[in-house]
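# Survey of secondary and tertiary structure
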Amino acid sequence: MIKLHNKIFEPYISAEEIQKSIAKMASKMYDLKNDFPHFIVVLNGSFFFAADLFKQLDFDAEISFIKLQSYEGTNSTGKVNELIGLQANITNRMVVVLEDIVDTGITLEKIYSILESKKPKQIQIATLLFKPSAFQKNLDIHYIGKEITNEFVVGYGLDYKELGRTLPQIYKLKNNS
Ligand code: 5GP
């Protein structure tokens with residue numbers, strides 16, 4: 001168990017299991033090798049995932065970063081702010097978005113609308129974690145590392161009010177904490 005601010009979290013997904021999920025995603029992405037895909041990392045939470053995935057990709061790819069924010073503490077605000085916009089030119093490119101976690105899908109909807117306006121050849125979404133019971137949208141997600149129940153998680157890049165990001169494994173909020 002660990003304590004972050006006033007909340008208690010318990011171990012949930014081991015570092016080894018995370019790496020296995022990423023290896024599976026990387027091998028599925030091998031089909032993209034002739035496209036010289038452009039990966040877009042959604043900051044902050046996805047930077048661990050992006051780094052580990054890139055180490056396992058067996059082909060060349062471009063990478064750039066955007067920063068969005070929808071969460072305050074342990075809850076979605078329902079609004080998404082674009083804090084760092086996309087600088088790269090993705091017109092006619094195969095684009096793969098790297099997300100740490102898809103929850104309600106509100107952020108994903110915003111990402112699709114930002115990227116579609118730039119006329120890429122295709123947009124694919126890869127998320128390390130997916131909460132199917134929280135998802136409210138009808139949007140395609142092409143690669144899912146692991147489906148989880150509707151719990152608040154931290155670690156491996158994900159934070160609770162800026163704590164917990166550096167943990168190598170994923171923890172979940174303990175009931176009633
Ligand atoms: P959505 O817009 O799908 O509701 O939420 C997407 C974003 O909310 C994620 O990229 C992440 O930043 C944050 N988020 C959603 N669920 C969790 C969670 O369980 N833990 C943490 N730390 N952030 C989350």
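This write-up is about the structure you can find in this document. Think of each chain on its own: its residues are numbered from 1, step by step along the sequence as written. Totals for whole chains, interfaces and linings use every residue, but because this is a predicted model, local features are given only for residues with pLDDT of at least 70 and side-chain atom pairs only at 80 or more, for both listing and counting. Heavy atoms throughout the structure, all of them, feed into the side-chain values; hydrogens and water do not.

### Overview of helix α1 (residues 15–28)
- Strands here mean DSSP runs of E at least two residues long; helices mean DSSP runs of H or I at least four residues long; both are numbered from the N terminus. What a helix is expected to span follows from its residue count: subtract one and scale by 1.5 Å. With 14 residues, α1 ought to run about 20 Å at 1.5 Å a step, and its terminal C-alpha atoms sit 20 Å apart, in line with that.
- Under the scheme applied here, a residue whose accessible area is under 20% of the maximum for its type counts as buried, over 50% as exposed, and between as partly exposed, the area being computed with a 1.4 Å probe on protein chains only. Looking at α1, one finds that the buried residues are I18, S21, I22, M25 and A26. Mapping the buried residues of α1 onto a view down its axis gives an arc of 140°, with all of them on the same face. In α1, those exposed residues whose orientation departs by more than 90 degrees from the buried face are E16, K20, K24 and S27. Directions drawn from the helix axis to the C-beta atoms are what define this arc.

### Points about the pattern of salt bridges
- Only one rule defines a salt bridge in this text: a Lys or Arg side-chain nitrogen within 4 Å of an Asp or Glu carboxyl oxygen. Within the structure shown, the criterion is met by 9 salt bridges.
- D35 is the salt-bridge partner of K121, the closest N and O atoms lying 3.2 Å from each other. Of this pair, K121 sits in the loop between α3 (106–116) and β7 (122–130) while D35 sits in the loop between α1 and β3 (38–43), and the two are 86 residues apart along the sequence.
- You can call K121 exposed: its relative accessible area is 54%.
- Given a relative accessible area of 25%, D35 falls into the partly exposed group.
- As a salt-bridge pair, K55 and D52 come within 3.1 Å of each other at their nearest N and O atoms. A residue pair is termed a helical-turn pair when its members lie 3 or 4 positions apart in one helix, as K55 and D52 do in helix α2 (residues 47–56) at 3 residues.
- Given the relative accessible area of 65%, K55 is considered exposed.
- When its relative accessible area of 14% is taken as the criterion, D52 is described as buried.

### Comments concerning the sheet that holds strand β9 (residues 153–154)
- Only strands that DSSP links by at least two bridges are regarded as paired with each other. Pairing within the open sheet is antiparallel, and its 4 strands lie in the order β1-β2-β10-β9. Bordering the open sheet on either side are β1 (2–4) and β9, each of which pairs with just one other strand.
- Here strand β2 (residues 7–13) pairs with strand β10 (residues 170–173) via 4 bridges, running antiparallel. When the sheet's bridge partners are listed, P11 is paired in β10 with Y171.

### A word on the packing of α1 against α2
- Closest axis-to-axis distance for the α1/α2 pair is 9 Å, and the angle between their directions is 55°. Considering the angle they form, α1 stands oblique to α2. In this structure, α1 crosses over α2, and the sense of that crossing is right-handed. Contact with α1, carried on its side by Q19, I22, A23, M25 and A26, involves F49, D52, L53 and Q56 of α2 and no other residues of that element.
- Grouping the amino acids of the contact of α1 with α2 by side-chain chemistry returns 6 nonpolar, 2 polar and 1 charged. What counts as an axis is a line fitted to C-alpha atoms, over the stretch in contact for a helix, and the angles between N-to-C directions run from 0 to 180 degrees. By the definition adopted for this analysis, an angle is roughly parallel if under 35 degrees, roughly antiparallel if over 145, roughly perpendicular if from 65 to 115, and oblique otherwise. Left-handed describes a crossing in which the near helix is turned anticlockwise from the far one by less than a right angle; the clockwise case is right-handed. Residue contacts follow a heavy-atom distance rule, with two residues in contact if any of their heavy atoms lie within 4.5 Å. Here the term charged refers only to Asp, Glu, Lys and Arg, the term nonpolar to Ala, Val, Leu, Ile, Met, Phe, Trp, Tyr, Cys and Pro, and the term polar to all other amino acids, Gly among them.

Read these as geometric descriptors, not functional statements.
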